[in-house]
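So you can see what is in the structure, the chains are spelled out below.
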Amino acid sequence: NAGVTQTPKFRILKIGQSMTLQCAQDMNHNYMYWYRQDPGMGLKLIYYSVGAGITDKGEVPNGYNVSRSTTEDFPLRLELAAPSQTSVYFCASSYGRATEAFFGQGTRLTVV
Amino acid sequence: GQQVMQIPQYQHVQEGEDFTTYCNSSTTLSNIQWYKQRPGGHPVFLIQLVKSGEVKKQKRLTFQFGEAKKNSSLHITATQTTDVGTYFCAVVGGSQGNLIFGKGTKLSVKP
C-alpha cells in the first residue's frame, strides 16, 4: 500500500495562476480531507469528503474547490492564486468518522 | 463549530525533563486523537481515546482523557531529542465527522 500520495511536492505559482493539487489513497477510505498549514501554525481544514460525490466546506474554503468523483482521488483546485495561499497543503484520509487519519507528505506551495 | 484549545503553544525542555500538553474543549467530546509532526514532516497518528477517564501508555508517553470528556493530556516522561516536534490533539466536529485539529504544542529538547 502506498497510503496517501500527494503531487506535486513543491510548486511555485505566480499570482493569478491556477493549479490542481492531486491526492490519491489506496486504502479504500471513505473520508478524505484537505488541510493547510502556515509556517509555525496548526492545521486548518479547507474541504473534506465523506464519500464519492460528497464534499463539504471546512474552516477556510475560500479560493479553493474540490471534487470527489472516485473513492481514491480528492483533488484540490486553486483558482486565481494569491500570496495568502502560500502554505503547506496536506491531504489526509480515514476509514470512517473518528478513526485514525493518514496524511500525505504534503505539497509546499509558494505564490509570488 | 467544534473547537479545541491546546496549551502551551511552545515548550522548551532539557533532555530528561518531563513534558505535558493539554487539550481543552467547552463541549463534551465523543473521542480525541493525538498526532505528532516532526519538523518538516507530516502529522502521524499516535492514539485515540474514547472512554471517560481513560489512560493509555505508549512507552514514555501517557495519554489521558478527562472524566467529563472535555479535556485530554499527553505527558512525556524523561524527554529525548527524538521527541522533538509538534503534538496536536484532534476532535471530530460537525454532523458529518470532519476532523478538527488544535493549534498544537511545539516541543524542543535541548541535549
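Residues numbered from 1 in each chain as written. Chains lettered and ligands numbered in written order. Predicted model: local features only at pLDDT ≥ 70, side-chain atom pairs only at ≥ 80, totals over all residues. Heavy atoms only, no water.

**Points about the nonpolar core**
Across soluble globular proteins, nonpolar side chains show a tendency to be buried alongside one another. If you look at the biggest cluster of nonpolar residues, it comprises 40 residues, and the most contacted ones within it are Tyr-35 of chain A together with Ile-32, Trp-34, Leu-99 and Phe-101 of chain B. Among the elements that line this core, the one with the most residues is strand E9 (residues 85–93) of chain B, at six residues. Of all hydrophobic cores here, the second largest spans 19 residues; its members include Val-4, Leu-21, Cys-23 and Cys-91 of chain A. (Core = buried A, V, L, I, M, F, W, Y, C linked by side-chain atoms within 4.5 Å. Buried < 20%, exposed > 50% of the residue type's maximum accessible area, 1.4 Å probe, protein only. Helix = DSSP H or I, 4+ residues; strand = E, 2+ residues; numbered from the N terminus.)

**Describing the pattern of salt bridges**
A side chain with one charge may pair with a side chain of the opposite charge, provided their charged atoms come close. In the structure shown here, the tally under the stated rule is four salt bridges over all chains. With a closest N to O distance of 3.1 Å, Arg-77 of chain A and Glu-79 of chain A form a salt bridge. The partner of Asp-83 of chain B in a salt bridge is Arg-60 of chain B, and the shortest N-O contact between them spans 2.9 Å. One end of the pair, Asp-83 of chain B, is in the loop between strand E8 (71–76) and E9; the other, Arg-60 of chain B, is in the loop between strand E6 (55–58) and strand E7 (61–65), and 23 residues separate them in sequence. Here Arg-60 of chain B falls in the partly exposed class, since its relative accessible area comes to 22%. (Salt bridge = Lys/Arg side-chain N within 4 Å of Asp/Glu carboxyl O.)

**Things to note about the pairing of strand E11 (residues 107–111) of chain A**
Residues and elements named next belong to chain A. Of the two faces of E11, only one is covered, namely that formed by Thr-107, Leu-109 and Val-111; the face formed by Arg-108 and Thr-110 stays uncovered. Summarising the sheet, strand E2 (residues 10–13) and E11 pair through four bridges and their orientation is parallel. What sits directly across from Leu-13, in E11, is Val-111. Pairing analysis gives three bridges linking strand E9 (residues 87–94) to E11, with the strands arranged antiparallel. When the sheet's bridge partners are listed, Tyr-89 is paired in E11 with Thr-107. (Pairing = 2+ DSSP bridges.)

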